[in-house]
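Commentary on secondary and tertiary structure
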Amino acid sequence: MALFLLGGRLFKCRTDIKRTMTAIQQHCSSVASGRQHVNGVDLYYEQTGRGKHAVLLFPGALGSTRTDFGPQLKSLNKERFTVVGWDPRGYGRSRPPDRDFPPDFFERDAKDAVDLMKALGFGKFSLLGWSDGGITALIAAAKNPDLITNMVVWGSNAFVSQDDLKLYDAVRDVSKWSARMRQPMEEVYGAEDFAKTWEAWVDGIAQYAKRPEGSICMELLPLISCPTLIVHGEKDPMVPSFHPQYLLKHIKGSRLHLMPEGKHNIHLRYADEFNKLVEDFLED
């Protein structure tokens with residue numbers, strides 16, 4: 001059993017590496033792609049479907065739409081939804097610029113995401129956010145209540161605890177990882193840039209622990225007004241259960257759905273079940 005990096009988080013798996021390595025290929029021919037100039041950078045995006053309900057996908061740390069959301073771009077209902085995936089600035093195909101992690105990097109990503117959707121002509125849309133992308137989605141929803149229709153987040157946290165810090169520090173040095181574990185991100189960034197960017201991410205996420213209560217966006221959660229579904233894999237080794245419970249308690253009217261066998265990558269490992277859950281929630 002190996003540790004594997006996905007969406008900026010590590011977890012144990014046997015078969016998930018092969019599944020993720022093929023996720024890039026799980027696109028149908030109707031996916032369109034392009035770059036949109038937003039807030040001084042060219043953001044790469046992919047768009048599929050022709051439904052009236054627009055949905056934006058938020059990848060995890062160092063993730064991209066192709067590495068993180070193959071099954072969603074392929075299989076979410078294209079008659080009901082228009083699905084947009086994007087690479088945040090400095091990630092994936094939204095380079096240059098090189099990625100950096102200033103104290104407001106989540107807020108910056110949230111603004112980029114909303115402004116991208118505006119530039120693409122979407123007036124209202126829903127958010128699907130995984131891992132770090134879920135944090136970005138929480139901030140986007142809190143700051144743009146009139147634009148966000150629904151939101152689904154999983155593998156996400158509103159604060160950094162001391163336990164979280166210990167885990168991040170333990171995986172800082174990618175040279176100690178197996179070659180198999182490093183491969184997905186090295187294929188995107190190259191070995192040297194991946195190592196450098198990953199270490200910068202560890203420092204970037206750790207800086208929140210210096211804030212009161214380790215807050216990333218705790219103070220924003222009461223401002224979220226859209227229907228929100230929190231999904232949690234009960235075997236997620238990267239996100240302890242107190243994180244989704246905190247979100248449930250502080251996002252008014254939110255729901256929590258637990259997947260007993262799920263780990264961190266529930267949308268890939270259990271793609272059919274996850275996609276149906278999301279579709280049903282978005283249409284509820």
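Residues numbered from 1 in each chain as written. Predicted model: local features only at pLDDT ≥ 70, side-chain atom pairs only at ≥ 80, totals over all residues. Heavy atoms only, no water.

Details of the packing of aromatic side chains
Selection rule: Here the aromatic set is Phe, Tyr and Trp, taking the six-membered ring for Trp, and pairing holds for ring centres within 6.5 Å; pairs whose planes are under 30 degrees apart are stacked, those over 60 apart are edge-to-face, and all others are tilted. The helix count covers DSSP runs of H or I at least four residues long, the strand count covers runs of E at least two residues long, and both are numbered beginning at the N terminus. Relative accessible area decides the class of each residue, using a 1.4 Å probe on protein chains only: under 20% of the type maximum gives buried, over 50% gives exposed, and in between gives partly exposed. Working rule: Lys NZ or Arg CZ, within 6 Å of ring centre, within 35 degrees of ring normal, means a charge sits over the ring.
What the rule picks out here adds up to 13 aromatic pairs. With a centroid separation of 5.6 Å and 45° between ring planes, the pair formed by F106 and Y208 is classed as tilted. One end of the pair, F106, is in helix α4 (residues 105-119); the other, Y208, is in the loop between α8 (191-206) and β9 (228-233), and 102 residues separate them in sequence. The buried category is assigned to F106, whose relative accessible area is 1%. Joined through ring pairs, the aromatic side chains of Y168, W177, F194, W198 and W201 make up one cluster. Across from the ring centre of Y91, 4.2 Å away, lies the NZ or CZ of R99, which sits over that ring. A cation sits over an aromatic face here: R269 above Y270, 4.9 Å from the ring centre.

So, the nonpolar core
Using the following cut-off: The nonpolar core is taken to be a set of buried Ala, Val, Leu, Ile, Met, Phe, Trp, Tyr and Cys residues, with the residues joined through side-chain atoms within 4.5 Å. Pairs of residues are marked as contacts when any of their non-hydrogen atoms sit within 4.5 Å.
Ranked by size, the top nonpolar core spans 66 residues in total, and within it L127 and W201 carry the most contacts. With sequence-adjacent residues up to four places away left out, L127 is seen in contact with L56, F58, A137, A140, A141, I148, N150, M151 and V152. Grouped together as the second largest cluster of nonpolar side chains are 20 residues, V55, L229, M259 and L282 included.

Remarks on the packing of helix α7 (residues 179-189) against α8
Heads up, the condition is: Here an axis means a line fitted to C-alpha atoms, over the contact stretch when the element is a helix, while the angle between two N-to-C directions is reported on a 0 to 180 degree scale. The labels follow the angle: roughly parallel below 35 degrees, roughly antiparallel above 145, roughly perpendicular from 65 to 115, and oblique for the rest. Residue polarity follows a fixed list, in which Ala, Val, Leu, Ile, Met, Phe, Trp, Tyr, Cys and Pro are nonpolar, Asp, Glu, Lys and Arg are charged, and the others, Gly among them, are polar.
The N-to-C vectors of α7 and α8 enclose an angle of 110°; their axes lie 7 Å apart at closest approach. Relative to α8, α7 is oriented roughly perpendicular. Across the interface between the two elements, R182, M185, E186 and Y189 from α7 touch A191, D193 and F194 from α8. Among the residues making up the contact of α7 with α8, the classes are represented as 4 nonpolar, no polar and 3 charged.

As for the environment of P103
Relative to the helices and strands, P103 resides in the loop between β6 (81-86) and α4. With near-sequence residues (within four places) excluded, P103 lies in contact with Q207, Y208 and R211.

Side note on the side chain of H53
Going by this rule: For the purposes of these results, a polar contact is taken to be a pair of N or O atoms within 3.5 Å, where, inside protein, one atom must be able to donate a hydrogen and its partner to accept one; residues adjacent in sequence count only when each atom of the pair is a side-chain atom.
For H53, the location among the structural elements is in strand β5 (residues 53-58). In terms of polar contacts, H53 uses its side chain to reach the side chain of S126, at 2.6 Å. Residue contacts for H53: discarding those within four places in its chain leaves R80, F81, T82, S126, T149, N150 and L282.

Notes on the sheet that holds strand β7 (residues 125-130)
Applied cut-off: Paired strands, as defined in this entry, are two strands with at least two bridges between them according to DSSP.
Pairing within the open sheet is mixed, and its 8 strands lie in the order β3-β4-β6-β5-β7-β8-β9-β10. The outermost strands of the open sheet, each flanked by one partner alone, are β3 (32-38) and β10 (255-259). Geometrically, the sheet is characterised by an average inter-axis angle of 20° between neighbouring strands, direction not taken into account. Direction of pairing for β5 relative to β6: parallel, over a ladder of 5 bridges. Within the sheet, the bridge partner assigned to L57 lies in β6 and is G85. On the sheet, helix α5 (residues 132-143) packs against β5, β7 and β8 (148-154) and is oriented at approximately 150° with respect to β7. Its contacts with the sheet put helix α11 (residues 271-283) on β5, β6, β7, β8, β9 and β10, and the angle it makes with β8 is roughly 150°.

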